[in-house]
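This is what each chain is made of:
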Amino acid sequence: MQAAVMPPSVREGWRMARPWPKRSAWPRVAKNGRRSYQVGFYDHDKVERTRSFPTVRHARAWMSDYVTAERRGRNSLRRFLLDLDENDFDAAAARTLADVLELYLQRDAHPRNPEGLAPSTYQRYTSLVNCYLLGKPHRGPGGRKLLPAPYARAVASVPAAHFNRPQAPRVWREQMREAGVPQSTRVRAWRVLSAALSWAAGSQAVPEIQTNGCMLANEPSISRRRSARQGGTGYAPAHTRGPLASWALSPQAVEAIREQILLRVERRDPILAHRDATIVSLQYGLATRNQEVWGLRWSSLAGEFAWVTEVLSCGQLDEWGKTEHSTQRRAAIPGILREDLSEWRAALRRWGHPARDIDFIIPGDLAGADRGKLDIPTGACHLSGRQAKTWGRRCFTPAVKKAAEREKFAHILGATPYALRRGAISLRLRTEDPQIVASECGTSLKMLSDHYSFAIEDLREHALRPADVEWRAARAELTERTAREQTPGIDPATRQRSKLSSWLAAHRRPGQAS
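Cut-offs and rules
Residues numbered from 1 in each chain as written. Predicted model: local features only at pLDDT ≥ 70, side-chain atom pairs only at ≥ 80, totals over all residues. Heavy atoms only, no water. Helix = DSSP H or I, 4+ residues; strand = E, 2+ residues; numbered from the N terminus. Buried < 20%, exposed > 50% of the residue type's maximum accessible area, 1.4 Å probe, protein only. Contact = heavy atoms within 4.5 Å. Areas by Shrake-Rupley, 256 points an atom, 1.4 Å probe, with all protein chains shown as cover. Core = buried A, V, L, I, M, F, W, Y, C linked by side-chain atoms within 4.5 Å. Axes fitted to C-alpha atoms, helices over the stretch in contact; angles between N-to-C directions. Parallel < 35°, antiparallel > 145°, perpendicular 65-115°, else oblique. Left-handed = near helix turned anticlockwise from the far one by under 90°. Nonpolar A, V, L, I, M, F, W, Y, C, P; charged D, E, K, R; others polar. Expected span 1.5 Å × (residues − 1). Salt bridge = Lys/Arg side-chain N within 4 Å of Asp/Glu carboxyl O. Pairing = 2+ DSSP bridges. Phe/Tyr/Trp six-rings, centres within 6.5 Å; stacked < 30°, edge-to-face > 60°.

*Asks:* Please provide a residue-by-residue account of the overall build of the protein, values included.
*Replies:* For the protein, the count of helices and strands is 21 helices and 15 strands. The buried share among the 514 residues of the protein stands at 45%. Here the contacts in the protein between residues at least 6 apart in sequence split such that 55% fall between residues at least 24 apart. Just so you have it, the protein exposes about 28100 Å², and 51% of that area is on carbon and sulfur atoms.

This is the structure:
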């Protein structure tokens, strides 16, 4: 038998689709002695692929059909490879949900596709699909291996055509609930399945799905049972959002957290405490998402505005953020934030760290030259994926817990860095045009209406003042309170700057000018 056929040549910008036996595996003999015949070919997108056949007769027949389909044109070849011709329609009709999900992840959701998901979102989708829809083994808390859920393996084998109707999604949703899957996880898994079915319904690659069964299964909720209402008397605990104070931080809470971060100067390098306080100010002042803070450079600041052009996603710089308008947007910089950033840049230079326009506002190598990740094209160093992921737990959460010891801020316990963004948006909505807020914060009017309007109602007892004025008043109030509690006659801000200056002077790098 001929060892191999040379790969196809190029003809007018398109590869001649003549399949060839794989040189190193014709036939391929498995450990159990079973033979398979692997054929190499190019698909309709000019990507080299491999297909296996049980006998050489089947392989030759398929290669002949392939050549015939390719000569009819690209669309004919695509239909042939996807088994969409009439003589292969029965095979497509037998496609299971698992096959549809794999197609969705590869052809639509993958970040390499022009309209694919962000890398972090894709990883989350893949994890949900593998765990709750495909029934693959996964790791639980502590890294221990968990067995696949029976309901996940069962739904993966259901014919895809069944998901044109609402019965199959409903059964799967009920099985998850009976298995004790948390409601928040059930909602996320349901969204992933709905997204996959919506793509399949509009794609020629999956002709057996014409409608999204999840959309038909979303019945409107008329009333909730007693045990799910706030203050209900049923046995099941009510699932509520939690205290508003921790979900969307007020200016007073933000300043209390910054105060505790700066007070940690006694147990760590003051430059790191100053960095953490700047991160809080930056995320609150610009109402940015977590991933957007780490991608800001000094060149992003242009007068009274900041441009969000890069994000840190899965440890890599990316021009595409979480949503369509999250990057390439302009956000106004409050006056108090401009002052904080000016002090921070001056502190970096006094410490001997570069603060060029191309450098990141939050450098990743402050704790050591071996920390952070170097951006090769510019030579600037940003936080690594691990640093960004653990910053909230290591630096933000301890400050929240310490601030919550005061009775006034007891309800902020449990706040996360994202609560800074929510609080900033809620504060701006009190006095600014929602359209401008949505545009500068990279979100939509519907999102503001659904998730932030109630926060405005909670703040109506206060006089309406611009966000920058409200923030300055909160800082002034904190400064005054601290001055009363500590030694009279000494300004707390002056005391803190004195500590920082003393430390920087003692740790000034060799050869650095004073």
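*Asks:* Run through the nonpolar core, naming residues and quoting values.
*Replies:* Counting residues in each nonpolar core, the largest one holds 63 residues, and the members touching the most others are Leu249, Ile257, Leu282, Trp294 and Ile412. Contributions of two or more residues to this core are made by helix H11 (251-263), helix H12 (270-286), strand S10 (305-308), helix H14 (335-351), helix H15 (385-403), helix H16 (418-429), helix H17 (434-441) and helix H20 (467-485). Considering each element in turn, this core owes the most residues, eight residues, to H12. Other than its neighbours up to four places away in sequence, isoleucine 257 contacts Leu249, Phe396, Ala399, Val400, Ala403 and Ile412. Residues Ala98, Ala156, Ala168 and Ile209 belong to the second largest nonpolar core, which totals 41 residues.

*Asks:* A description of the packing of H11 against H12 should follow, citing residues and the corresponding values.
*Replies:* At a minimum axis distance of 8 Å, the contact between H11 and H12 shows a crossing angle of 165 degrees. As the angle between them shows, H11 and H12 are arranged roughly antiparallel. Read as a crossing pair, H11 and H12 show a hand that is right-handed. Judged by residue contacts, Pro251, Val254, Arg258, Ile261 and Leu262 of H11 engage Ala273, His274, Asp276, Ala277, Val280, Ser281 and Tyr284 from H12. Of the residues in the contact of H11 with H12, the class split is eight nonpolar, two polar and two charged.

*Asks:* Let's hear about H12: which residues, and what values?
*Replies:* Helix length check: H12 (17 residues) gives 24 Å between terminal C-alpha atoms against 24 Å at 1.5 Å per residue, within 8%. With 17 of 17 residues buried, H12 lies mostly within the body of the structure. Where H12 ends, the next residue or the one after it, alanine 287, has phi of about 55 degrees, a positive value.

*Asks:* I'd love a proper account of H17, names of residues and values included.
*Replies:* When we look at burial in H17, the residues that qualify are Val437, Ala438, Glu440 and Cys441. Buried residues belonging to H17 abut S10, strand S13 (329-332), H16 and helix H18 (445-451). A positive phi of about 70 degrees marks glycine 442, the residue just after H17.

*Asks:* Give a description of the pattern of salt bridges that names residues and reports values.
*Replies:* Following the criterion strictly, the structure yields 23 salt bridges and no others. Glutamate 174 is the partner of arginine 177 in a salt bridge, and the nearest nitrogen-oxygen pair spans 2.5 Å. Of this pair, arginine 177 and glutamate 174 are both found in helix H7 (residues 167-178), three residues apart, which corresponds to roughly one turn of the helix. Glutamate 174 sits in the partly exposed class, given a relative accessible area of 33%. Linking lysine 408 and glutamate 477 is a salt bridge whose minimum nitrogen-to-oxygen distance equals 3.0 Å. One end of the pair, lysine 408, is in the loop between H15 and H16; the other, glutamate 477, is in helix H20, with 69 residues separating them in the sequence. Note on glutamate 477: relative accessible area 38%, which makes it partly exposed.

*Asks:* How would you sum up the environment of glutamate 304? Please name residues and give values.
*Replies:* Looking at where glutamate 304 falls in the secondary structure, it is placed in the loop between strand S9 (301-302) and S10. When the C-alpha positions of glutamate 304 and alanine 332 are compared, they lie 6.0 Å apart, and in sequence the two are 28 residues distant. The residues contacting glutamate 304, other than those within four sequence positions of it, are Ala331, Ala332, Ile333 and Arg338.

*Asks:* How would you summarise the pairing of strand S6 (residues 48-53) if you had to cite specific residues and measurements?
*Replies:* Judged from the six bridges that link them, strand S5 (residues 35-42) and S6 form a sheet pairing that is antiparallel. Bridged to phenylalanine 41 within S6 is arginine 49. As consecutive antiparallel partners, S5 and S6 are separated by five residues, and within that stretch lysine 46 has a phi angle of approximately 65 degrees, a positive value.

*Asks:* So what's going on with the sheet that holds S13? Residues and values would help.
*Replies:* Here three strands make up an open sheet; going across it, the order is S9-S10-S13 and the pairing antiparallel. At either end of the open sheet lies a strand with only one pairing partner, and these are S9 and S13. In this structure, S9 lies alongside S10, joined through two bridges in antiparallel fashion. Considered in S10, the bridge of alanine 302 is made with phenylalanine 305.

*Asks:* Which residues make up the packing of aromatic side chains, and what are the values?
*Replies:* Tallied over the entire structure, the rule returns twelve aromatic pairs. Here phenylalanine 41 and tyrosine 66 contribute two aromatic rings whose centre-to-centre distance is 5.6 Å and whose plane-to-plane angle is 65 degrees, an arrangement assigned as edge-to-face. With a gap of 25 residues between them, phenylalanine 41 in strand S5 and tyrosine 66 in helix H1 (residues 56-71) connect regions that are remote in the sequence. Under the relative-accessibility criterion, phenylalanine 41 is labelled buried at 6%. With a relative accessible area of 0%, tyrosine 66 lands in the buried category. Considering the side-chain rings of tyrosine 104 and tryptophan 199, the 6.1 Å spacing of their centres and the 55 degrees angle between planes classify their relative orientation as tilted. You can see tyrosine 104 sitting in helix H4 (residues 97-109) and its partner tryptophan 199 sitting in helix H8 (residues 183-201), a full 95 residues away along the chain. The class of tyrosine 104 is buried, set by a relative accessible area of 4%. Site record: aromatic cluster; members linked through ring pairs are Phe41, Phe53, Trp62, Tyr66 and Phe80.

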